Structures are given as structure tokens and as C-alpha cells.
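# Summary of structural features
Read off the chains here:
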Amino acid sequence: MSNDWNTRTKLVHAGTRRSQYNEVSEAIFLTQGFVYDSAEAAEARFVEAGPDEFIYARYGNPTVAMFEERIAALEGAEDAFATASGMAAVNGALTSLLKAGDHVVAARALFGSCLYILEDVLPRFGVEVSFVDGTNLAEWEAALRPDTKAVFFEAIANPTLEVVDLEAVCKLAHGVGATVVVDNVFATPVFSRAIQQGADVVVYSATKHIDGQGRAMGGVILGSREFIRKTVEPYMKHTGGSMSPFTAWVMLKGLETIDLRVRAQAASALAISEALDGAGKLSKVIFPGHAKHPQNALVQRQMGKGGTVVSLEMEGGQAAAFRFMNALKIVLISNNLGDAKSIITHPATTTHQRLSDDQRATLGITPGLLRLSVGIEDTDDLISDLRQALAAV
Ligand SMILES: *Cc1c(COP(=O)(O)O)cnc(C)c1O
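Note that the structure is predicted; figures quoted are calculated from it, not measured. (Residues numbered from 1 in each chain as written. Predicted model: local features only at pLDDT ≥ 70, side-chain atom pairs only at ≥ 80, totals over all residues. Heavy atoms only, no water.)

### Here we look at the domain arrangement of the chain
Cut-off, in case you're wondering: Where each domain starts and ends comes from a domain assignment, either automatic or drawn from a database. Here, residues are in contact when the closest pair of their heavy atoms is within 4.5 Å. When two parts are put together, the accessible area they lose, computed with a 1.4 Å probe and summed over both, is reported as buried area.
The domain boundaries assigned to the chain delineate domain 1 (7-254) and domain 2 (258-392). Computed from C-alpha coordinates alone, the two centres of domain 1 and domain 2 are separated by 27 Å. Contacts between domain 1 and domain 2 engage 42 residues on the former and 41 residues on the latter. Interface area for domain 1 against domain 2, summed over the two sides, is near 3,300 Å², with a carbon-plus-sulfur share of 60%.

The following block contains the structure:
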């Protein structure tokens with residue numbers, strides 16, 4: 001790869017390895033193992049594997065390496081480790097880094113499974129976790145301590161779309177020597193500048209925009225070469241959360257088109273948030289890219305675009321929200337996001353059902369709240385579908 005290539009060129013060509021057949025489309029190296037020329041060669045590789053030498057697919061694989069190199073080029077990270085799911089990435093990034101006695105500060109507004117790791121799993125192994133309102137810098141400052149080892153947050157919170165000031169939180173965290181781990185799914189790898197803005201480690205669920213076509217589960221941990229190879233890799237390769245070669249191929253092909261898809265989705269999401277702003281029966285239209293979002297200035301500075309998810313709050317609570325969902329003809333009722341197909345979710349009864357009523361109220365997850373992941377369908381068709389469903393409520 002040439003370092004002066006622009007993003008779209010990198011997304012099509014970075015990381016490519018060709019076999020002796022010189023194939024155009026990346027090969028799927030669907031193999032668990034690799035043959036050595038001699039016993040001595042096997043021994044040497046176990047002592048130290050070179051950059052393009054592989055041992056066992058749980059440790060690494062050529063198709064997986066292509067994906068890792070391509071996503072690292074997009075994010076502007078030194079290196080990446082691909083994982084079996086987004087949660088394997090979150091768990092791997094945190095567990096490989098932490099030990100008993102460490103302290104972590106995390107934003108309270110988290111994806112349900114991330115909350116499970118921070119609230120249930122880490123404390124069982126002697127890690128103390130303090131939760132803060134991610135948008136409140138004074139709370140971050142008060143919670144950070146000299147023994148704080150890591151900081152964890154979603155740069156845009158699911159599903160209320162509040163934005164964490166990444167640069168400011170990184171500065172505070174680095175002041176006490178903590179490693180900043182950002183779950184950046186909602187910002188998307190296309191609009192993320194998290195590494196340049198100070199994040200040490202960025203994790204993605206590749207299940208979302210990277211696949212972008214609803215096919216496979218995957219994830220990735222990005223960071224410095226030192227962190228990925230010395231901290232993450234030993235943990236992941238021995239605990240079994242690596243990405244499969246077939247999944248890596250699906251994700252590689254997803255990366256080829258991610259810039260085109262996500263930019264179209266983000267433009268559509270903005271148009272939808274503008275079209276629905278002030279519409280009857282909606283008490284709120286939340287989109288970080290909308291001029292009226294309370295943190296729009298921060299969004300412009302941090303990502304430039306507001307992402308691909310719009311949250312809506314219906315007047316009339318759950319009953320109205322369900323009637324609206326059931327009246328949609330194009331938008332699908334499901335719980336993924338970042339897909340080419342537009343998808344609507346009712347967080348209070350699905351993705352955030354596990355939380356107590358109090359927790360949901362604190363996070364602003366009201367009975368009328370809906371999360372709309374905007375796909376790549378025609379924008380006018382989506383707006384018409386949403387309007388006719390509103391009229392049917
Ligand atoms: C989906 C998601 C995850 C988990 O990813 P999986 O691929 O489903 O394991 C983690 N964090 C955020 C913000 C997500 O949206």
C-alpha cells in the first residue's frame with residue numbers, strides 16, 4: 001500500500017495479498033493450518049513468526065490479515081486485531097489490558113452487552129468500575145484517579161445519540177496515565193478520527209457498517225502496534241475470539257464500499273431528520289448531524305457528520321411507537337444497525353429491555369423512543385414511508 005493514497009483507494013487496495021494465481025478478488029484462505037518446509041522451519045516459526053508467516057487460524061490467517069491491514073489504513077491506526085464479534089473486541093480490548101486491583105471509568109450510556117462486561121464481569125475479577133455521565137467533563141475529572149488504568153465510552157451513545165467530547169476526555173484520562181478505549185460504532189469508521197483525536201484503542205462491531213449488508217458477525221480492535229501485538233494478540237490468540245477467514249473476506253468486501261454506503265446513509269439520515277423535524281405526533285427528532293442537536297458544534301468538530309442513526313420519540317408512548325412501527329412498509333423491524341436496509345428498533349422492549357425502569361429513565365430511553373438505522377434506499381421513498389406511518393398512528 002502507498003501511504004499517500006486517499007481513503008477510497010486504500011479501501012479497495014490496502015492489505016491485498018495475492019496467491020500464485022494473481023486473482024483480482026481477494027482469496028478466502030479457508031485453512032486452519034499452514035505447512036512448513038521442514039521441522040526446522042516449524043520450530044523457527046514458533047520462535048518468531050515473520051510478518052506474513054502464519055501458524056494456526058486462531059493466531060492469524062492471510063485473509064484475516066488483509067482485513068486487519070485495510071481497516072487499520074481506514075482508521076489511521078498502526079495495527080488491528082480482528083475478532084469474532086463486536087463483543088469479542090470490547091471484551092478482548094478491556095480484559096487483555098486489565099488486572100485485579102485496576103480502576104476503570106466508563107460512561108453510563110452503553111450498549112447492553114458492554115454494560116454487562118463493565119458492571120458484571122470485570123468486578124468479578126477485582127476490577128473497580130466507576131460510571132459517569134459521558135457528556136459531563138466535570139464527572140469524568142472527578143472520577144479519574146491515579147490508579148485509573150482504562151477509560152471506556154461510546155463516542156455516540158446508543159440510542160439517545162449523546163456525544164462524548166473525545167479530545168477533552170482523552171486529555172483528562174492521559175493526565176492520570178489511563179488508556180482510552182472507544183467503542184466507535186455509531187460514529188462509524190468512515191467519520192471517525194478517534195486515533196488522531198487522542199484515543200489509544202478503538203473498537204468496532206464489524207457486524208454493523210463494515211459488513212453493512214446484514215450477513216456476518218465480526219469485530220476489530222485498533223491501536224498502536226505495541227498494544228495490538230504485545231497486549232491484545234497474546235490474549236486473543238489463546239482465548240479463542242479470533243475472526244474466521246470467511247468472515248474476514250465478507251468484511252473485506254464490505255470495506256470496499258463502506259465509504260460510498262455510509263456517506264449516502266448519513267446524507268439520507270440528515271434529510272430524514274430535517275423532513276421529520278416538527279412533524280406532528282413526534283415529541284423529539286434526535287440526530288447528531290442536525291443543526292438543532294444540542295451538541296452539533298462538537299459533532300462538526302469531532303466527526304464532521306452525524307452518523308447513520310436517527311432517534312425519534314413518539315407522543316403517546318409505547319402504544320403509539322408500536323402502531324408507527326407496524327405501519328412502516330419499507331423500514332424493517334429488527335435490531336441491527338448500519339445495514340443497507342433501513343431498520344427500526346424499540347429499545348425499551350428489546351435492546352435495553354434488561355435495564356431497570358430507573359436505568360432506562362436515567363438514560364432517556366422512554367417508552368416512546370425509537371431508533372431508526374437509515375439504509376441506502378432512496379431518501380424520498382424512506383421519507384414517504386415514515387410520513388405515511390406517522391399518519392397511520
Ligand atoms: C452492536 C454493538 C456492539 C456489539 O457488537 P456485536 O458484533 O453484536 O457483538 C458493541 N457496541 C456497540 C456500540 C454496538 O452497536
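### Describing the packing of helix H3 (residues 62-75) against helix H10 (residues 245-276)
Short version of the rule: The convention used is that axes are lines fitted to C-alpha atoms, helices contributing only their stretch in contact, and that angles between N-to-C directions extend from 0 to 180 degrees. Secondary structure elements are defined from DSSP: runs of H or I of at least 4 residues count as helices, runs of E of at least 2 residues count as strands, and each element is numbered from the N terminus. What sets the label is the angle itself: under 35 degrees gives roughly parallel, over 145 gives roughly antiparallel, 65 to 115 gives roughly perpendicular, and the rest give oblique. Each helix crossing is assigned a hand: it is left-handed if the near helix lies turned anticlockwise from the far helix by less than a right angle, otherwise right-handed if that turn is clockwise. For this scheme, ten residues count as nonpolar: Ala, Val, Leu, Ile, Met, Phe, Trp, Tyr, Cys and Pro. Four count as charged, namely Asp, Glu, Lys and Arg, and the remainder, Gly too, count as polar.
Between H3 and H10, the shortest axis-to-axis distance is 8 Å and the interhelical angle comes to 30°. Taken together, the axes of H3 and H10 lie roughly parallel to each other. Of the two elements, H3 crosses H10, and the hand of that crossing is left-handed. Together, Thr63, Val64, Met66, Phe67, Arg70, Ile71 and Leu74 of H3 and Pro245, Ala248, Trp249, Met251, Leu252, Leu255, Glu256 and Ile258 of H10 make up the contact between the two elements. Tallied by class, residues from the contact of H3 with H10 come to 12 nonpolar, one polar and two charged.

### With respect to the packing of aromatic side chains
Put simply, the test is: Only Phe, Tyr and Trp rings are paired, with Trp represented by its six-membered ring, and only when their centres lie within 6.5 Å; those with planes under 30 degrees apart are stacked, over 60 edge-to-face, the remainder tilted. Each residue gets one of three labels from its accessible area relative to the maximum for its type: buried under 20%, exposed over 50%, partly exposed in between, using a 1.4 Å probe on protein chains only. Criterion for a charge above a ring: Lys NZ or Arg CZ within 6 Å of the ring centre, and within 35 degrees of the ring normal.
Tallied over the entire structure, the rule returns four aromatic pairs. Judged by centre distance (6.4 Å) and plane angle (85°), the rings of tyrosine 56 and tyrosine 59 are edge-to-face. Seen from their ring centres, tryptophan 140 and phenylalanine 153 are 5.7 Å apart, and the 70° between their planes marks the pair as edge-to-face. Highlighted residues: tryptophan 140 in helix H6 (residues 137-143) and phenylalanine 153 in strand E4 (residues 148-154), separated in sequence by 13 residues. Take tryptophan 140 and phenylalanine 153: they sit in the same class, and that class is buried. Above the face of the phenylalanine 111 ring, lysine 208 is positioned so that its terminal group lies 5.2 Å from the ring centre.

### Section: the nonpolar core
Which entries qualify depends on this criterion: For our purposes a nonpolar core is just a set of buried Ala, Val, Leu, Ile, Met, Phe, Trp, Tyr and Cys residues, chained together by side-chain atoms within 4.5 Å.
Residues Phe67, Ile71, Trp140, Val151, Phe153, Ile210 and Leu222 are the most contacted members of the largest nonpolar core, which totals 60 residues. When residues in this core are grouped by element, the largest group, eight residues, is from H10. Counting residues in hydrophobic clusters, the runner-up holds 33 residues, among them Leu94, Ala157, Ile221 and Ile365.

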